[in-house]
Amino acid sequence: ENLVFHKSDVLYNYSRANPSHTTNKAKNYNLIDEQLFPQVKQLIISLQGADGKRPQKVSIGKVARLLNITEYALKHCNKCLSYIQEHSEITEKHWAREIIWAYHQLLPDTITKTKLCHAINIDQYNYSACLPYLQCFADNTTVNLLKSLYFGIFHHFYLHKLSTTC
């Protein structure tokens, strides 16, 4: 979703569409922050895969790129920046979100670790790295099934050892 800025729009002066934004004019980042916040909120919900699409990792750069504004301008919007940082996640947690998404996409078929890894393009080592974070995004039955795929058979000892808090 590309945003189109008009010259009358406050954000046009700070967008990538206007290369003349390098002038030394005072910028009202509080006004920009208030105008941008609903778009940032909606974009993060979309990036996290709420609409059934593959989840993407939330970062300041990704949000700035999709809103077609500079990272510099976004970093000066305190409300937007804190919301982005609140919803950003480490790579392993993002992979866990993608594994849950891939699991639901492949659900009618037989689920294997290889199919899941191929669906989201990670290797088996990275699959094991994200196992502790699966419980943040799925119920216990699904988590235990996905963990048992990694071990080949169901091991209570290892599954308990791999649990973590979200």
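The structure we're discussing is the one just above.
Sequence positions are assigned chain by chain, starting from 1 and proceeding in written order. At least 70 in pLDDT is required for a residue's local features to be given in this predicted model, at least 80 for side-chain atom pairs to be given and counted, and no such filter applies to totals for whole chains, interfaces and linings, which use all residues. Heavy atoms from the whole structure form the basis of all side-chain values; hydrogens and water molecules are not counted.

Visitor: Before we go on, may I ask you to explain the environment of Ala73 in this structure?
Guide: With respect to the helices, strands and loops of the structure, Ala73 is situated in helix α3 (residues 71-75). A C-alpha to C-alpha distance of 9.3 Å links Ala73 and Asp33, two positions 40 residues apart in sequence. The helix count covers DSSP runs of H or I at least four residues long, the strand count covers runs of E at least two residues long, and both are numbered beginning at the N terminus.

Visitor: What is the right way to read the packing of helix α5 (residues 91-106) against helix α6 (residues 113-120) from this model?
Guide: For any two helices packed against each other, one specifies the crossing angle of their axes together with the interaxial distance. Their axes nearest at 9 Å, the elements α5 and α6 cross at an angle of 115°. By the angle between their axes, α5 is roughly perpendicular relative to α6. The chirality of how α5 crosses α6 is right-handed. Contacts from Trp95, Glu98, Ile99, Trp101, Ala102, Tyr103 and Leu106 of α5 reach α6 at Lys115, Leu116, Ala119 and Ile120. Residue classes in the contact of α5 with α6 are distributed as nine nonpolar, no polar and two charged. Axis definition: a line fit to C-alpha positions, over the contact stretch in the case of helices; interaxial angles, taken between N-to-C directions, run 0 to 180 degrees. We call two directions roughly parallel when the angle between them is under 35 degrees, roughly antiparallel when it is over 145, roughly perpendicular when it lies between 65 and 115, and oblique otherwise. Each crossing gets its hand from how the near helix is turned against the far one by less than a right angle, where anticlockwise is left-handed and clockwise is right-handed. Any two residues having at least one pair of non-hydrogen atoms within 4.5 Å are treated as being in contact. Only Asp, Glu, Lys and Arg are considered charged in this grouping, and only Ala, Val, Leu, Ile, Met, Phe, Trp, Tyr, Cys and Pro are considered nonpolar; every other residue, Gly among them, is considered polar.

Visitor: It is not clear to me how the nonpolar core should be interpreted in this structure. Could you clarify?
Guide: Soluble globular proteins: nonpolar side chains tend toward being buried together. Core analysis: the largest hydrophobic core is formed by 21 residues, its most contacted members being Leu36, Val40, Val63, Leu74 and Ile84. Among the elements of the structure, α1 (29-47), α2 (60-67), α3 and α4 (78-87) are those that each provide at least two residues to this core. Element by element, the count of residues in this core is highest for α1, at eight residues. Leaving out residues up to four positions away in the same chain, Val63 has contacts with Val40, Leu43, Ile44, Leu47, Val58, Leu74 and Ile84. Here, the term nonpolar core denotes a set of buried Ala, Val, Leu, Ile, Met, Phe, Trp, Tyr and Cys residues that are joined through side-chain atoms within 4.5 Å. Throughout, exposure labels follow a simple rule: accessible area from a 1.4 Å probe, protein chains only, divided by the maximum for the residue type, with under 20% read as buried, over 50% as exposed, and the rest as partly exposed. If you look at the next biggest cluster of nonpolar residues, it comprises 20 residues, including Ala102, Leu116, Tyr133 and Val143.

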